[in-house]
Amino acid sequence: MIRIKKMSKRIFLNMFIISSVVIALTTILTVVIVYKSFSNQNIAALKGELTATSSGVELNGVAFLKSLSVKHRITLVDSSGKVLFDNRNDINSLGNHNDREEIREARENGTGYSERYSDTLSRKTINVTKLLNNGDVLRLSKDMSTVWSTLMDTIFPMICVMVFAILIAAYMAGRVSKAVTTPINQIDLNEPDREKIYDEIEPLIDKIIKQNNQIDKQIEQLNMEHEKQDNLRRDFTANVSHELKTPLTSISGFAEIIQNGMVKEEDITRFAGKIHSEAQRLIILVGDIIKLSQLDGKDIAVKMEPIDLYETSQAVMGHLEAAAEKRNIKMFLSGKHLVITGAEQIIEEMIFNLIDNAIKYNKTGGKIYVNILKNDDGINLSVEDTGIGIKDEDIGRIFERFYRADKSHSKEIGGTGLGLSIVKHGANFHNAKVFVKSKYKEGTKITILF
Ligand code: ADP
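Residues numbered from 1 in each chain as written. Predicted model: local features only at pLDDT ≥ 70, side-chain atom pairs only at ≥ 80, totals over all residues. Heavy atoms only, no water.

### Some words on the site of the ligand
Moving on, step 1. Neighbouring the ligand are 18 residues; N357, Y361, T416, G417 and L420 lie closest to it.
Moving on, step 2. Separating a nitrogen atom of the ligand from a side-chain N or O atom of D385 is a distance of 2.9 Å.
Moving on, step 3. The separation between an oxygen atom of the ligand and a polar main-chain atom of T416 is 2.9 Å.
Moving on, step 4. For the ligand, whose free accessible area comes to 530 Å², the fraction covered by protein is 97%.
Moving on, step 5. Of all the secondary structure elements, the ones that give two or more residues to the shell around the ligand are α8 (344-360) and α11 (419-429). (Near = heavy atom within 4 Å. Polar contact = N/O pair within 3.5 Å; in protein donor to acceptor, adjacent residues only side chain to side chain. Areas by Shrake-Rupley, 256 points an atom, 1.4 Å probe, with all protein chains shown as cover. Helix = DSSP H or I, 4+ residues; strand = E, 2+ residues; numbered from the N terminus.)

### Comments concerning the domain arrangement of the protein
Moving on, step 1. Entries for the protein in the domain assignment read domain 1 (2-150), domain 2 (189-300) and domain 3 (302-449).
Moving on, step 2. For domain 2 and domain 3, the distance between their C-alpha centres works out to 23 Å.
Moving on, step 3. Domain 2 puts 15 residues into the contact, and the matching count from domain 3 is 15 residues.
Moving on, step 4. Between domain 2 and domain 3 the total buried area reaches about 1,500 Å² when both faces are included, carbon and sulfur atoms providing 65% of it.
Moving on, step 5. Taken together, domain 2 and domain 3 are joined by two salt bridges.
Moving on, step 6. The partner of E349 in a salt bridge is K291, and the shortest N-O contact between them spans 3.0 Å.
Moving on, step 7. One can count two residue pairs in polar contact (both at pLDDT 80 or more) joining domain 2 with domain 3.
Moving on, step 8. Elements represented by at least two residues in the side of domain 2 that touches domain 3 include exactly α5 (202-259) and α6 (268-297). (Domains from an automatic or database assignment. Contact = heavy atoms within 4.5 Å. Buried area = accessible area lost by both parts, 1.4 Å probe. Salt bridge = Lys/Arg side-chain N within 4 Å of Asp/Glu carboxyl O.)

### Focus on the UniProt feature "coiled-coil region" (unreviewed entry) in the protein
Moving on, step 1. Feature annotation in UniProt places "coiled-coil region" (unreviewed entry) on residues 205-232, given in this structure's numbering.
Moving on, step 2. Here residues 205-232 runs as 100% helix and 0% strand, with 40 Å between its end C-alpha atoms. (UniProt positions renumbered as here; feature names shortened; annotations may be inferred.)

### Considerations on the sheet that holds strand β12 (residues 443-449)
Moving on, step 1. Spatial ordering of the open sheet is given by β7-β9-β10-β12-β11, a layout of five strands whose pairing is mixed. Looking along the sheet, the strands with just one partner apiece sit at the ends: β7 (330-335) and β11 (433-439). Averaged over all pairs of adjacent strands, the angle between strand axes in this sheet comes to 15 degrees, irrespective of strand direction.
Moving on, step 2. Note: β11 against β12, seven bridges, orientation antiparallel. Its bridge partner lying in β12, F435 is registered against T447.
Moving on, step 3. Of the strands in this sheet, β7, β9 (367-375) and β10 (378-385) touch helix α7 (residues 309-326), which is tilted by about 175 degrees from β7. (Pairing = 2+ DSSP bridges. Axes fitted to C-alpha atoms, helices over the stretch in contact; angles between N-to-C directions.)

### Some points on a nonpolar patch on the surface
Moving on, step 1. Side chains of Y117, L121, W148, M152, I155, I159, V163 and L167 sit close together on the surface and give an oily, nonpolar patch of about 780 Å² of accessible area.
Moving on, step 2. With six residues, the single largest contributor to the nonpolar patch is helix α4 (residues 147-185).
Moving on, step 3. Here I159 shows up in helix α4.
Moving on, step 4. Overall, the relative accessible area of 46% leaves I159 in the partly exposed class. (Patch = residues over 30% accessible without salt bridge, like charges linked within 9 Å, V, L, I, M, F, W, Y side chains within 5 Å. Buried < 20%, exposed > 50% of the residue type's maximum accessible area, 1.4 Å probe, protein only.)

In structure tokens:
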């Protein structure tokens, strides 16, 4: 509502200024043109009268002038400048007239003309003169209003017209602003109707419709995303329960047999070992789940610090050396001491999982190459092995939680199926990308690009 008022005010002001300027200019111009033509007519008429009067004076002298009854002032001046006749003033009170402009002009040219303004500029006198045969000069003078006073006279009607213009402008401003704003205010933002608007706001309607469509699409996408997240969460919970249940069932089974006295004394150590390894598996699994949920939450308070990828890889390889040696696998580290800013514990975990996989999924006597280099895309850390490789159809899925490509061997190899998920989430946490290149039965190369 306030906007409409503001708009009316603006439209009103514009209309008022335009109409006032137009009215004032037209009035002034009309007055000047009419005045000019009126003034020219007056001068021409006075000159006509002068010619007629001068003929009379040539014939009958001053007596002719005395016999005349005219509205204008008539003056007769002799060649010395002395006034011989004046129908308005006593000739004895008048001084020498030879200094008058129009008299001098008549002596030089035969006729003369001059204008003299009153002090207030509100009136002026026009004088026309003619040189008679005997050397006298006859002058006719007439008073008339000036352009200025004529303009002053028109000021009142002009103000009246302006007031009228203000009223019309106010009325029109109200109507125009209403016609402009009402359809805009009535637009239903959810379902804009093209029928109810005028051409100028069609682009606005188009934009609203386009934006509505975009919002609908985004809502749809968000819903889909939510559904996907829900499904993932459900799958994850089901998987976690299953993964936890398997070792727990074994532990419970072994413990039960021991408890029932069904195990011979000498086998107890073997069974306790089994319980221990299953419990160990559980600990690793729970550890991985905790790490993943921390990375998922993204709100883990970690210290970001400079990390030398070469040194970290070297340390991780040291930890995994025994496991590699067990399978007679050789590890090689190459590249440069490149430094990134990151969370050390997460980076260590990511490198550990990659090298751990390269050992687990390698062939006995295989090789592992860890390389750190920098190229146009950024800093790369790659772990390459000469292992069993991954089938093309599995490559897209290995980052899923609990996904294992080679299900038949997964039990003996160990692992939780969460290692690469942790790598991927860790990479996301560091705004890094993970690339996989693998050839089935030949080997795999996984690269993290920071
Ligand atoms: P896991 O704990 O089973 O190793 P990961 O998430 O680390 O879980 O890996 C998922 C699956 O991807 C593995 O089960 C394995 O089938 C496959 N995989 C991972 N790394 C390699 C590799 N270097 N070579 C071959 N297969 C691999």
